[in-house]
Amino acid sequence: MKKKQSSAVSFVLMLLVLLLLAGLPFAAWLDLSNLVDTNLRRQAKDLNSIISSVRGYYAANVVGRVLASPGTTKVVHNYREIPGAIPIPATLSLELGKVISEQQQNIGYRFVSDYPFKNRPPHALDAFETNALSVLRGNSNQQLAEVSATVFSDQVRLIAPVIMGQACVDCHNSHPESPKLDWKVGDVRGIQEVAITQPIGNNVFAFKYLLAYFLLIASVGTLFILLQRRQAAIINGMNAELETTNEFLGSLSMKISRYLSPQIYKSIFSGQKEVTIHTERKKLTIFFSDIKDFTATTERLQPEQITQLLNEYFTEMSGIALAHGGAVDKFVGDAMLVFFGDPETKGDAEDARECLRMAIEMQHRIASLRMGVNTGFCNVGNFGSNDRMDYTIIGAEANLAARLQAIAEPGQIVISYETYALVRDTVVARALPPITMKGISPEVIPYLVSGVLDSTGKNVQVFSEHMTGLDFYFNAGMIDSTKAPQNREILQDALRALDSAK
């Protein structure tokens, strides 16, 4: 899940970087477009001002003076046909527009009117020009502009009104070819239009440093993305390898755990214990058990049957041991060794009590068990070589536990005095004849557990006997009161059967 979330975040960041990089040229294009638009408006206004000034100067200082002093010079629209004649302002504007349009590829000039002289073709007006004439005749104190743009160029069309002066009114109202003879000073005769087209590419190099910077940023960003993708691919590969390795190690550790006590396995894999040849001296409670005459009992069984029987037996007993916190050390034939106090301990007394509780529960499951328990100091840890180690215990106290188990009868729990001293408030036990142990100079007094004490201190009797024709275990403290009549009836039937066999 974390891996998927990390991949999603990386993808979003990469997409954001790409969008930002893609937005840089768009932003530059917007800047260029705005710059071009501003320049076009300024140029159109300047050109319009120039043409208007030329027309005004020509009308006032040339045409006006000639008209004021009549002579041989004539001011006519067809001045080319009459020697010595000069053009009227309207003709000047029309011809000036042609000259400007021919010499300037990106600048156009038009002087048009919806009232052309009769001998001239009508002017073709588009929707913008027609609308401009209508608007300007309503208010001539303004200029109208239209901006159009494509991906590669912008165009500005600026229209200004052509206003009739006194000289123009006198000429037009008296000219035989004029379509309108009632002009007044201030009327809008037509429109003067300046159209400037500016390719955006012409201004690109005005931002050469900015564009170079953008190109550098884009290159660095692309390189960063490629490196990130490469790094992500490497990390994903490493994660895949780690997942495979973790799965293998998890499977391997589960298999190894079958060979170790869970407490020891946990302490090793958590780092609490090192896998080195090292032992510690600790006070432990050691438990030995086996089944009396197991070999003789199973000698007629096949090895497969014995194996199945032992596996079921040890599975049951190991579960009980682990439930009480015991560390299962080893299995030897039908015998098992369990110790309390390492790697985890609840204190000497509580460790001993848990061991006795475990022994009683095992006795309840298998009445023929012989069990021995001793408490004392042992060396515990890793024994062996650097190539093969065994986590176990050694010491005379462990040997004493094995000896106590050996003198126990089937169904009996024999404990040492050291253990009895720790659990005497929870069990009822009686001393047995002293025994001697090699390596232990004083005699050892074993104690046979004959019962347990309940929470009120009352003795709960436990009867356990194993002999030919009799395999008997009875713990009064574990009897369900609702089933007491049934248990009593079974015992009475057994006694009647015993009496009838005499």
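Our subject is the structure that appears above.
(A) Local environment of empty space enclosed by the protein. Using the criterion set out here, one finds 2 cavities of 30 Å³ or more in the structure. By volume, the largest cavity is sized at about 150 Å³. For the largest cavity, the lining is made up of 17 residues, of which Ile88, Pro89, Ala90, Cys168 and His172 are closest to its centre. Here the residues of the lining of the largest cavity are counted per class, giving 14 nonpolar, 1 polar and 2 charged. As a volume, the second largest cavity reaches approximately 70 Å³.

(B) Quick look at the state of the cysteines. Counted under the stated rule, the structure contains 0 disulfides. Cys171 provides the cysteine sulfur closest to Cys168, a residue in no disulfide bond, and the two sulfurs are 7.4 Å apart.

(C) Quick peek at the packing of helix α8 (residues 303-323) against helix α9 (residues 348-365). Here α8 crosses α9 at 155°, and the two axes come no closer than 9 Å. Between α8 and α9, the angle is such that the two are roughly antiparallel. The chirality of how α8 crosses α9 is right-handed. Here Glu316, Met317, Ile320 and Ala321 of α8 lie close against α9, whose contacting residues are Met358, Glu361, Met362 and Arg365. Residue composition of the contact of α8 with α9, by class: 5 nonpolar, no polar and 3 charged.

(D) Local environment of the nonpolar core. Counting 32 residues, the largest nonpolar core has Phe287, Val338, Leu356, Met358, Met362, Ile413 and Ile415 as its most contacted members. For this core, the leading source of residues is α9, giving 7 residues. If we skip the residues at most four places from it in the chain, Ile413 touches Leu356, Ala359, Ile360, Gln363, Met371, Val373, Tyr447, Leu448 and Val449. Judged by nonpolar contacts, the second largest core, of 22 residues, contains Leu40, Ile107, Val156 and Ile196.

(E) Region of the structure containing the pairing of strand β9 (residues 335-340). Along β9, 6 of the 6 residues are buried, which leaves the element largely enclosed by surrounding structure. Of the two faces of β9, the one carrying Ala335, Leu337 and Phe339 and the one carrying Met336, Val338 and Phe340 are both buried. Strand direction decides the pairing type here: strand β7 (residues 279-291) and β9, joined by 5 bridges, are antiparallel. What sits directly across from Thr285, in β9, is Phe340.

(F) Structural view of the sheet that holds strand β3 (residues 107-112). Read across the sheet, 4 strands follow the order β3-β6-β5-β4 without closing on themselves; strand pairing throughout is antiparallel. Edge positions in the open sheet fall to β3 and β4 (144-149), since each of these has one partner strand only. Recorded for the sheet is a direction-independent mean angle of 15° between the axes of neighbouring strands. Pairing geometry for strand β5 (residues 153-163) and strand β6 (residues 188-199), over 11 bridges, is antiparallel. Bridge pairing links Ile159 to Glu193 in β6.

(G) How the structure looks around the pattern of salt bridges. A full pass over the atoms with the stated rule returns 18 salt bridges. Notably, a salt bridge pairs Arg110 with Glu193, separated by 3.9 Å at the nearest N-O pair. Of this pair, Arg110 sits in strand β3 while Glu193 sits in strand β6, and the two are 83 residues apart along the sequence. Classification of Arg110 by relative accessible area gives partly exposed; the value is 32%.

Conventions we followed
Residues numbered from 1 in each chain as written. Predicted model: local features only at pLDDT ≥ 70, side-chain atom pairs only at ≥ 80, totals over all residues. Heavy atoms only, no water. 1 Å grid on protein atoms, 1.4 Å probe; cavity = no way out; pocket = protein on both sides within 12 Å on 5 of 7 lines; lining within 4 Å. Points joined across faces, edges and corners; volume = space filled by probe spheres on them. Nonpolar A, V, L, I, M, F, W, Y, C, P; charged D, E, K, R; others polar. Disulfide = S-S within 2.5 Å. Axes fitted to C-alpha atoms, helices over the stretch in contact; angles between N-to-C directions. Helix = DSSP H or I, 4+ residues; strand = E, 2+ residues; numbered from the N terminus. Parallel < 35°, antiparallel > 145°, perpendicular 65-115°, else oblique. Left-handed = near helix turned anticlockwise from the far one by under 90°. Contact = heavy atoms within 4.5 Å. Core = buried A, V, L, I, M, F, W, Y, C linked by side-chain atoms within 4.5 Å. Buried < 20%, exposed > 50% of the residue type's maximum accessible area, 1.4 Å probe, protein only. Pairing = 2+ DSSP bridges. Salt bridge = Lys/Arg side-chain N within 4 Å of Asp/Glu carboxyl O.

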